[in-house]
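What the coordinates show
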Amino acid sequence: MALPKRRFSRSRTLKKRTHKKVDPLSLGVCTHCQSLILPHHICQVCGFYDGKQIIEIKAKKKKEKKKQ
Ligand SMILES: [Zn+2]
């Protein structure tokens, strides 16, 4: 097997790794409920896509708390 003739310096290794990173998620905003959504995906909160209701969201968040 071929082997590199010389070792990479630490500086050269770090320079190589400057391009190796995870980009932050690019999120869009739902036109119906203004929540963050993935681009080209149905909104998981309200079920809208392109201004139209695509799916029915059955489970609703329990925000109401019992007042005593
Ligand atoms: Zn929405």
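Residues numbered from 1 in each chain as written. Predicted model: local features only at pLDDT ≥ 70, side-chain atom pairs only at ≥ 80, totals over all residues.

1. As for the overall build of the protein
The condition is simple: Only DSSP runs of H or I reaching four residues or more are called helices, and only runs of E reaching two or more are called strands; each is numbered from the N terminus. Once C-beta atoms are placed from the backbone, each residue is buried if 20 or more other C-beta atoms lie within 10 Å of its own, exposed if 12 or fewer, and partly exposed for counts between those two.
Assigned secondary structure in the protein consists of one helix and four strands. Along the protein, helices and strands appear, N-terminal first, in the series α-β-β-β-β. When burial is assessed residue by residue, the protein has 3% of its 68 residues classed as buried.

2. Details of the environment of Ile37
Position of Ile37 relative to the elements: it lies in strand 2 (residues 36-37). Ile37 sits in the buried class, given 21 other C-beta atoms within 10 Å. Sequence separation between Ile37 and Ser26 is eleven residues; the distance between their C-alpha atoms is 9.1 Å.

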